[in-house]
Amino acid sequence: MSRGQIYSGAGLFFLCVAVLLVTGCAEQKPMPPADEVRPVHLPDVRTPIPLGPDARQEHRAVMLQHLETIQAIVAALADEDYRLAQGLTESHLGFFMHRYAMARQEPADFPPAYHDLAMAHHAAAEKLADVMPTKDLKQILPEFNNLLKACVACHLEYRLRHS
Ligand code: HEC
């Protein structure tokens, strides 16, 4: 092998390494962390539920009460009043609340999948109420998280039609 051949062979080798490095680096796009915050300007892909003004008002009242209940439950937990936390969860978010909301709203106005999400939410509340007597936050918080996830799941799927 002549010296010229060695040089050109080595040149080719370094060229290949350089190309690999550059393309390799170019393909390594920095990935955002998996749990990064959602972009703010998402298109609204929620399914609208057409309700009349009265039904919309009624629905809103239930929702605002849900949030107030969550606040009251957290306050009860902070006070270590697990009995109050259980009572609030059961009566305001459990199946009792479901029957009450059903009586005040027109179930036929809502799509079946909405009912499923509502039932999952009430079921999560019942499970949370059940673990309150343990007075053990390691058991309570995961169920609380599941309840909040059920709120979020429905909010991602549905909106009331804004007219
Ligand atoms: C089965 C569906 C469903 C579940 C479960 C649900 N929500 Fe809602 N909620 C809605 C819909 C639909 C709206 C209206 C959103 C819109 O039109 O933009 C709403 C709106 C709200 C609002 C805004 C009310 C306003 O001022 O207009 C709050 C607060 C709220 N929900 C709290 C909660 C909380 C807290 C939970 C859980 C404890 C919960 N929701 C569970 C469907 C649900």
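Described in the following lines is the structure provided in the data block.

1. Some points on the overall build of the chain
When its secondary structure is counted, the chain shows 6 helices and 2 strands. N-terminal to C-terminal, the α/β element order of the chain is α-β-α-α-α-α-α-β. Residue burial in the chain is summarised as follows: out of 163 residues, 24% are buried. Approximately 11,700 Å² of the chain is accessible, and the part contributed by carbon and sulfur atoms is 62%.

2. Focus on the pattern of salt bridges
In total, this model carries 3 salt bridges according to the counting rule given. The closest approach of N and O atoms between Glu 58 and Arg 104, which form a salt bridge, is 2.3 Å. With Glu 58 in helix α2 (residues 53–78) and Arg 104 in helix α4 (residues 95–104), the pair connects residues that are 46 residues apart, well separated along the chain.

3. Some details on the packing of α2 against helix α3 (residues 82–93)
If you want to describe how two helices pack, look at the angle between their axes and the distance between the axes. Contact geometry of α2 with α3 gives a least axis separation of 8 Å together with a crossing angle of 165 degrees. Classified by the angle between their axes, α2 and α3 sit roughly antiparallel to one another. Crossing hand, α2 versus α3: left-handed. Where α2 abuts α3, its residues Gln 65, His 66, Thr 69, Ile 70, Ala 72, Ile 73, Ala 76 and Leu 77 lie against Tyr 82, Leu 84, Ala 85, Leu 88, Thr 89, His 92 and Leu 93. Its residues assigned to classes, the contact of α2 with α3 shows 10 nonpolar, 5 polar and no charged.

Each value, and the rule that gives it
- For every chain, the first residue of the written sequence is number 1, and numbering continues from 1 along that sequence.
- Given that the model is predicted, a residue must reach a pLDDT of at least 70 before its local features are reported, and side-chain atom pairs must reach 80 or more before they are shown or counted; all residues, however, enter totals for whole chains, interfaces and linings.
- The basis for every side-chain value is the complete set of heavy atoms in the structure, and neither hydrogens nor water enter the calculation.
- Only DSSP runs of H or I with at least four residues qualify as helices, and only runs of E with at least two residues qualify as strands; both kinds are numbered from the N terminus onward.
- Using a 1.4 Å probe on the protein chains alone, a residue whose accessible area is under 20% of its type maximum counts as buried, one over 50% counts as exposed, and one in between counts as partly exposed.
- To measure how exposed things are, a 1.4 Å probe is used in the Shrake-Rupley method; for residues, cover is taken only from the protein chains shown.
- Here, a salt bridge means any Lys or Arg side-chain nitrogen found within 4 Å of an Asp or Glu carboxyl oxygen.
- Axis lines are fitted to C-alpha atoms, over the contacting stretch for helices. Their N-to-C directions set the angle, which ranges from 0 to 180 degrees.
- In this scheme, roughly parallel covers angles under 35 degrees and roughly antiparallel covers those over 145, while 65 to 115 is roughly perpendicular and the rest are oblique.
- Here is the rule for handedness: rotate from the far helix to the near one, and if that takes an anticlockwise turn smaller than a right angle the crossing is left-handed, while a clockwise turn gives right-handed.
- Whether two residues are in contact is decided by their heavy atoms: any pair within 4.5 Å suffices.
- Following the grouping adopted for this structure description, the nonpolar residues are Ala, Val, Leu, Ile, Met, Phe, Trp, Tyr, Cys and Pro, the charged ones are Asp, Glu, Lys and Arg, and the polar ones are all others, Gly among them.

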